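# A look at the structure
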Amino acid sequence: MISGWRGSRIERGRVARAVFPPDEVARVKAIACELPKDHGLPLSRFSRAELHRLVVERGISEASASTIARWLTQDALKPWQHRSWIFPTDPDFLEKAGPVLDLYQGRFEGKLLHPGEFVICADEKPSIQARARIHEPLLPSPGWRGQRVEHTYHRRGALTYLAALDIGRRGGRRPRIFGRSERSGGIVSFDRLVRQVMTKEPYVSARRVFWIVDNGSSHRGQKAVQRLERRWPNLVLVHLPVHASWLNQIEIYFSIVQRKVLEPNDFQNVADVAHTLNAFEHRWNEVAEPFEWKYTGDDLARLIERLTPHEPQLKLAA
């Protein structure tokens, strides 16, 4: 009896799917890929229910909301999804980012790196707060799968975390992280991080140590190059183009820190935050393997080529 009803339901479903002509399906998909405001709706994007309501009200389709969802799920386009990103506006983006991607592949200016040369990615993670929860977190329990963390907290200060990542080499040297917690960022704090690394072996006696950085104020421009390379003759400062932090491997490490150390945030004071970050560095250095970085200069060149038709918009945005 039950199996017969299920079979009947499946058959009805199959018949229902067959009655919608392709042009009707295409019209619904086309609307899903448009902005709701173009249809006079005060929405940022369509939900399944809103899209279903619109196409029914406009007499475009009588398909159910679940049927429309199936059409969109099976399509290559996913208009209900979105993510933020920034167009590369630097006209020399490829030329500036290319050397960094080459360094990740063990080359610089067309030559293989010497075993006595190292690649370091560095940056700072500002405004890490110490949030002391007013009630202790509750551990997972039957009926509740996850840990429960109190929403309200007391602010116990904030710090800036600076870190330098020796990316290591696949099949060879392990990566290594050097970090420090400071009251704030800036040139003085960043220079202390550089000193922390460059006064240790093997970097102090290395042939060259490449430091990959973005355009933050503590290491921006030619003044930073002159300041650091004069102080450390074997240091080579390599700048990424503007809006290219996604090409800096230190951001991968920061994302790991965010997930494994800082969420959920429950620290009694900034000293507790600093101690935990330092302990995590030691743990990470014991087990870390080089990141499997596969994005190459050729990949970036193809991306720039795809963005070329948008050049007028890029100039306007800049």
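Refer to the structure presented above.
Note that the coordinates shown come from a computational prediction; the quantities given were computed from them, not determined experimentally.

## Things to note about the overall build of the protein chain
Helix and strand counts for the protein chain stand at 11 helices and 7 strands. In the protein chain, of all internal contacts separated by at least 6 residues, the share reaching a separation of at least 24 is 69%. Working note: accessible area of the protein chain is about 19500 Å², and carbon and sulfur atoms make up 53% of it.

## Observations concerning the pattern of salt bridges
Opposite charge on two side chains lets them pair, provided their charged atoms get close. Across all of its chains, the model carries 12 salt bridges by this definition. One salt bridge in this structure joins R192 and E182, with 2.9 Å as the shortest N-O distance. In this pair, R192 is assigned in helix α6 (residues 187-198) and E182 in strand β5 (residues 176-182), connecting sequence segments 10 residues apart. The network of salt bridges with shared partners includes R180, E182 and R192.

## A few points about the side chain of S218
Secondary-structure assignment places S218 in the loop between β6 (208-213) and α7 (221-231). Look past the residues within four positions of S218 in its chain and what remains in contact with it is E124, G186, I187, F190 and R227.

## Some thoughts on helix α10 (residues 297-307)
All of the buried residues along α10 are L300, L303 and L307. Projected down its long axis, α10 carries its buried residues within an arc of 55°, all on one side. Away from the buried face of α10 by more than 90 degrees, exposed residues D298, E305 and R306 are located.

## Comments concerning the packing of aromatic side chains
Taken as a whole and judged by the stated rule, the model has 12 aromatic pairs. Each ring, one from F118 and one from Y203, has its centre 5.2 Å from the other, and the planes form 65°; the classification is edge-to-face. Residue F118 is found in strand β3 (residues 117-133), and its partner Y203 is found in the loop between α6 and β6; the two are separated by 85 residues along the sequence. This pair shows no difference in class: F118 is buried, exactly as Y203 is. Members of the aromatic cluster, joined through ring pairs, are Y161, Y253, F254, F280, W284 and F291.

## Here's the deal with the packing of α6 against α7
Close contact between α6 and α7 brings their axes to 12 Å; oriented N to C, the two are set at 35°. Crossing of α6 over α7 shows right-handed handedness. For the pair α6 and α7, contact is made by I187, F190, D191 and V194 and by R227, L228 and R231, respectively. Residues of the contact of α6 with α7, tallied by class, amount to 4 nonpolar, no polar and 3 charged.

## As for the sheet that holds β6
The strand order across the open sheet built from 5 strands is β5-β4-β3-β6-β7, with neighbouring strands paired in mixed fashion. Edge positions in the sheet fall to β5 and β7 (235-239), since each has one partner strand and no second. Going from strand to strand, the sheet's axes swing by 30° on average, the running direction of each strand aside. Relative to β5, strand β4 (residues 153-166) runs antiparallel, the two sharing 7 bridges. Each residue of the ladder has a partner; that of Y161, found in β5, is S181. In this fold helix α9 (residues 270-287) packs onto β3, β4 and β5, with an angle of close to 30° to the strand it touches most, β4.

Quick notes on the rules
Residues numbered from 1 in each chain as written. Predicted model: local features only at pLDDT ≥ 70, side-chain atom pairs only at ≥ 80, totals over all residues. Heavy atoms only, no water. Helix = DSSP H or I, 4+ residues; strand = E, 2+ residues; numbered from the N terminus. Contact = heavy atoms within 4.5 Å. Areas by Shrake-Rupley, 256 points an atom, 1.4 Å probe, with all protein chains shown as cover. Salt bridge = Lys/Arg side-chain N within 4 Å of Asp/Glu carboxyl O. Buried < 20%, exposed > 50% of the residue type's maximum accessible area, 1.4 Å probe, protein only. Arc of directions from axis to C-beta. Phe/Tyr/Trp six-rings, centres within 6.5 Å; stacked < 30°, edge-to-face > 60°. Axes fitted to C-alpha atoms, helices over the stretch in contact; angles between N-to-C directions. Left-handed = near helix turned anticlockwise from the far one by under 90°. Nonpolar A, V, L, I, M, F, W, Y, C, P; charged D, E, K, R; others polar. Pairing = 2+ DSSP bridges.

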